[in-house]
Amino acid sequence: YAIGNKVVVKIDPSVHKGMPHRRYYGKIGVIADKRGQSYVVHVPQGNATKEIIVRPEHLKPYISAM
């Protein structure tokens, strides 16, 4: 993934490492940075924007339906 890409947080339960909290499941976020093998993703949560660190096994590319 490149910085600025939109992704969907889809948790893969077979991989526990780098798994985000279940409250972020299905949320659409933006890739902000790469940290080792993981990505820093900015995800909206209520009125705030949370920064989560997620491994790529738990991310899927966001494809908008236009």
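Residues numbered from 1 in each chain as written. Predicted model: local features only at pLDDT ≥ 70, side-chain atom pairs only at ≥ 80, totals over all residues. Heavy atoms only, no water.

A. Examining the side chain of His 58 more closely. As for its position among the elements, His 58 is in the loop between strand S4 (48–54) and strand S5 (59–61). Side-chain polar atoms of His 58 contact the backbone nitrogen of Asp 12, separated by 3.1 Å. At a separation of 3.3 Å, a polar atom in the side chain of His 58 contacts the main-chain carbonyl oxygen of Val 15. In contact with His 58, not counting residues within four places along its chain, are Val 8, Val 9, Lys 10, Ile 11, Asp 12, Val 15, Lys 17, Gly 18, Met 19 and Pro 20. (Helix = DSSP H or I, 4+ residues; strand = E, 2+ residues; numbered from the N terminus. Polar contact = N/O pair within 3.5 Å; in protein donor to acceptor, adjacent residues only side chain to side chain. Contact = heavy atoms within 4.5 Å.)

B. Here's a closer look at the environment of Lys 6. Relative to the elements of secondary structure, Lys 6 occurs in strand S1 (residues 6–9). Among the residues examined, Lys 6 registers a relative accessible area of 48% and is labelled partly exposed. Each C-alpha atom of the pair Lys 6 and Val 30 lies 4.6 Å from the other, and the pair is 24 residues apart in sequence. In contact with Lys 6, not counting residues within four places along its chain, are Ile 28, Gly 29, Val 30, Pro 61 and Tyr 62. (Buried < 20%, exposed > 50% of the residue type's maximum accessible area, 1.4 Å probe, protein only.)

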